[in-house]
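The residues making up each chain are set out below.
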Amino acid sequence: MKDYEKIWSNILDRIAVLVSPACYEIFFIKLKPVALRDGKLILMAEHSVKNAIMKNFSAPLNMAVRESMEQIEGVSIIVKDQLSDYVEDEVIDNKKEFVPSIKKIIFQKNYTFDNFVIGDSNKYAAAAAKAVAEAPGTNLNPLFIYGMPGLGKTHILHAIGNEILRNNHDLRVYYTTAENFTNDLIYSIRNSNNTELARQFREKYRNLDVLMIDDVQFLANKTSSQESLFHVFNDLYTSEKQIILSSDRPVKELTYIEDRLTSRFASGVVADIQPPSFETRVAILQKKAFHYKIDVSQEVIEFIAEKEKYNIRLMEGMLKTVGYFASLNNRPAYNIDFVMEALRDSSNNQSNEININKIVEVTCNYFNVKFDDVCGKKKTKELVEPRQMAMYLVTVLLPEIPLATIGQFFGGRDHTTVIHARDKLQQKIAENNAYKKRAEDIKNLVYNK
Ligand code: ADP
Ligand code: MG
């Protein structure tokens, strides 16, 4: 393998976890590394592929280049006509094609079965999930898990992914949210008006052994996504590949999703997750406190478990707030008065929880710019950093908000813009202490507001 092929192969590994398998195979796999020139990796592609990548995927491409840690300054995509400008004739060897294979997704490391506390409320879902992880594609197909937000659906899906890959590294396991599935479909067919491309998109899913789609309720009213998923579902199901779905409501409440799809969702095993009992909440908090190294007493844990009964994510948020408060004051969180003080704002006053509005508002105040400008269309220089900073902080402080939703909030921007902003800021913070300090200052202001 030549140097530039090796470099590209490493970058492709990163790309594989940043885009869907369909986009990966329709676009990125078609790029052919041909040379290294002035510190840049030169990739060749057809016009249509080049245009699609430049238009829709330059953010994940650049991010992959950075994350691969290769010593290159970037990549340039050229078309065949330009090839002779970069490569001498005798070097062009069309016979030996560079054919990378599809790479696997990386699941959240902490979302394992070991870290998942089982109680009466989730034991059925957890048992079904474990059975699927042990023998994907056999008799529990599809697996449909539903429950209210914050009860562990995404955790379980990732746990299945982690477990399957631990048992069998070669399986092609893919996780996506219904929202990303929809976005990928839109980006693949946008501007091309090309039904062939839509068909190709669908076909790429055929190669998977396990497909997980999180939060399928998002497909409501999205006719072409439903249509696509319907075909993907049938392809996978008939070839006995495992399908796993999650939803925030039961199948029969998925109105605005076609019957032919919902009836398939319900055709295998359906498992619900209920809000956990007090004992389970306490056990979860103990596990999380240990995990985050938060020094709290049993009394405090029980106090928090009493306070939030329906949403584990919120409960975890309280624990973290207490931990944060304790570290600010440099003392452990052992007594209730102390904890009440830490949680005073968040428990009595809803407006004090961290939300996207607050993050943007604090950032705008800090930079002395207007909220409406930062979330508007203006592109003036003085808005660049506040906007990037605000987007970055939202992705960091509210990781559960989908990137597309964040883009929407910032004046209807694309999710790739959010990715770009986040990466830019991350890079600046890594390279420059002034950025780091500003990010820290604003974060503290958000927490303390
Ligand atoms: P959902 O996808 O249902 O909205 P998540 O899977 O994102 O919920 O869970 C929210 C948070 O709660 C995550 O941090 C997750 O690890 C945690 N969590 C939920 N259920 C459990 C459990 N039974 N044991 C440990 N942690 C849990
Ligand atoms: Mg979820």
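Please read all numbers here as calculations on a predicted model, not as lab measurements.

Rules used in this analysis
Residues numbered from 1 in each chain as written. Chains lettered and ligands numbered in written order. Predicted model: local features only at pLDDT ≥ 70, side-chain atom pairs only at ≥ 80, totals over all residues. Heavy atoms only, no water. Near = heavy atom within 4 Å. Polar contact = N/O pair within 3.5 Å; in protein donor to acceptor, adjacent residues only side chain to side chain. Areas by Shrake-Rupley, 256 points an atom, 1.4 Å probe, with all protein chains shown as cover. Helix = DSSP H or I, 4+ residues; strand = E, 2+ residues; numbered from the N terminus. Nonpolar A, V, L, I, M, F, W, Y, C, P; charged D, E, K, R; others polar. Buried < 20%, exposed > 50% of the residue type's maximum accessible area, 1.4 Å probe, protein only. Pairing = 2+ DSSP bridges. Contact = heavy atoms within 4.5 Å.

Chemist: I would appreciate a short explanation of the site of ligand 1 in the present structure.
Modeler: Taken together, 18 residues sit near ligand 1, with Val117, Gly150, His155, Lys288 and Glu316 positioned nearest. One nitrogen or oxygen atom from the main chain of Gly150 is found 2.7 Å from an oxygen atom belonging to ligand 1. With respect to ligand 1, the side chain of Lys288 contributes an N or O atom lying 2.8 Å from an oxygen atom. Within the complex, the protein chains bury 95% of what would otherwise be the 560 Å² of accessible surface of ligand 1. The set of elements that each furnish at least two residues to the shell around ligand 1 consists of helix H7 (153-167), helix H12 (278-291) and helix H14 (312-329). In terms of residue class, the shell around ligand 1 is built from 8 nonpolar, 6 polar and 4 charged.

Chemist: What's the story with the pairing of strand S4 (residues 143-147) in this structure? I'm lost.
Modeler: For a regular strand, side chains alternate in direction, first toward one face of the sheet and then toward the other. For S4, the buried fraction is high: 5 of the 5 residues fall into the buried class. Covered by surrounding structure in S4 are Leu143, Ile145 and Gly147 together with Phe144 and Tyr146, the residues of both alternating faces. Bridge analysis of S4 against strand S7 (residues 242-247) gives 4 bridges, and the strand direction is parallel. Bridge assignment links Ile145 to a residue of S7, and that residue is Ser246. Judged from the 5 bridges that link them, S4 and strand S8 (residues 269-273) form a sheet pairing that is parallel. Bridging from a neighbouring strand, Gly147 pairs with Ile273 of S8.

Chemist: Please clarify how the side chain of Thr395 should be interpreted in this entry.
Modeler: Structurally, Thr395 can be placed in helix H18 (residues 381-397). Side-chain polar atoms of Thr395 contact the backbone oxygen of Tyr392, separated by 2.6 Å. When residues no more than four places from it in sequence are discounted, the contact partners of Thr395 are Leu403, Ile406, Val418 and Arg422.

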